Amino acid sequence: MPDHSRHARLLREIANALDTEFQPTDDALTPHPATLDVISNRHTKRGQLNYAVPEVLQLQRRIRRYHADTDIPHGDIVALALDTWLHAKGYPPEPSCP
């Protein structure tokens with residue numbers, strides 16, 4: 001009888017790795033844990049993001065109000081919102097190269 005212990009071990013390792021991956025919650029607005037780590041690191045290199053958005057949505061005013069209520073910087077608000085939305089749509093960031 002063939003020895004399948006090596007395959008069983010590999011399958012257990014894969015299952016364990018999948019269990020440790022981020023599991024989406026019922027709340028689609030919950031930021032990914034890795035995103036929260038990046039946002040909390042003030043030494044993270046930052047870039048400018050400029051897009052024309054419909055004025056009727058009043059996004060700039062709403063971001064300023066949210067910042068005033070929470071003290072979360074404007075850029076972090078935008079980064080959290082976009083990253084959470086893109087994760088929910090199936091577009092996570094690509095893994096960093098070592």
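Here's a quick rundown of the structure. For every chain, the first residue of its written sequence is number 1, and the numbers climb from 1 along that sequence. Local features in a predicted model are, by the rule used here, given only for residues with pLDDT of at least 70; side-chain atom pairs are given and counted only at 80 or more, and totals for whole chains, interfaces and linings are based on all residues. Based on all heavy atoms of the structure, the side-chain values leave hydrogens and waters out of the count.

**A short note on the overall build of the protein**
And step 1. Segments assigned H or I by DSSP are reported as helices when at least four residues long, segments assigned E as strands when at least two residues long, and all are numbered from the N terminus. In terms of helices and strands, the protein carries four helices and zero strands.
And step 2. Helices and strands appear in the protein in the N-to-C order α-α-α-α.
And step 3. Here the protein holds 98 residues, and the buried ones make up 8% of them.
And step 4. Per element, the accessible surface of the protein, about 9,000 Å² overall, is 59% carbon and sulfur. Exposure classes here rest on a 1.4 Å probe applied to the protein chains alone. A residue is buried below 20% of its type maximum, exposed above 50%, and partly exposed in between. Residue-level accessible areas treat just the shown protein chains as cover; the underlying method is Shrake-Rupley with a 1.4 Å probe.

**Quick look at unusual backbone geometry**
And step 1. For glutamine 58, which is not glycine, the phi dihedral falls at a positive 55°.
And step 2. With respect to the helices, strands and loops of the structure, glutamine 58 is situated in the loop between α2 (33-40) and α3 (59-70).
And step 3. On the accessibility criterion, glutamine 58 (37% relative accessible area) is partly exposed.
And step 4. Of note, the phi angle at aspartate 71 is positive, near 65°, even though the residue is not glycine.
And step 5. Within the secondary structure, aspartate 71 is located in the loop between α3 and α4 (74-88).
And step 6. Take aspartate 71: its relative accessible area is 61%, and that puts it in the exposed class.

**Regarding the pattern of salt bridges**
And step 1. By salt bridge we mean one thing: a side-chain nitrogen of Lys or Arg within 4 Å of a carboxyl oxygen of Asp or Glu. Here the structure, examined in full by the defined rule, presents three salt bridges.
And step 2. Salt bridges here are not isolated pairs; linked through shared partners, they connect Arg42, Arg46 and Asp76.

**Section: a nonpolar patch on the surface**
And step 1. Residues form patches when they are more than 30% accessible in relative terms and have no salt bridge. Like charges link within 9 Å. Nonpolar side chains (Val, Leu, Ile, Met, Phe, Trp, Tyr) link within 5 Å. A contiguous nonpolar surface patch, about 790 Å² in accessible area, is contributed by Leu49, Tyr51, Val53, Leu82, Trp85, Leu86 and Tyr91.
And step 2. Looking at where valine 53 falls in the secondary structure, it is placed in the loop between α2 and α3.
And step 3. For valine 53, a relative accessible area of 44% corresponds to the partly exposed category.

**Remarks on a positive patch on the surface**
And step 1. The charged-residue count follows a simple rule in which Lys and Arg add positive charge and Asp and Glu add negative charge, with His and chain termini not counted at all. Note that the charge is assigned to NZ on lysines, CZ on arginines, CG on aspartates and CD on glutamates. Taken together, the side chains of Arg61, Arg62, Arg64 and Arg65 define a basic patch exposed on the protein surface.
And step 2. Summarising the element assignment, arginine 61 is placed in helix α3.
And step 3. The class of arginine 61 is partly exposed, set by a relative accessible area of 34%.

**Things to note about the side chain of threonine 84**
And step 1. Position of threonine 84 relative to the elements: it lies in helix α4.
And step 2. Contacts are assigned to residue pairs with any non-hydrogen atoms lying within 4.5 Å of each other. When near neighbours in sequence (up to four residues on either side) are disregarded, threonine 84 contacts Ala28, Leu29, Thr30 and Pro31.

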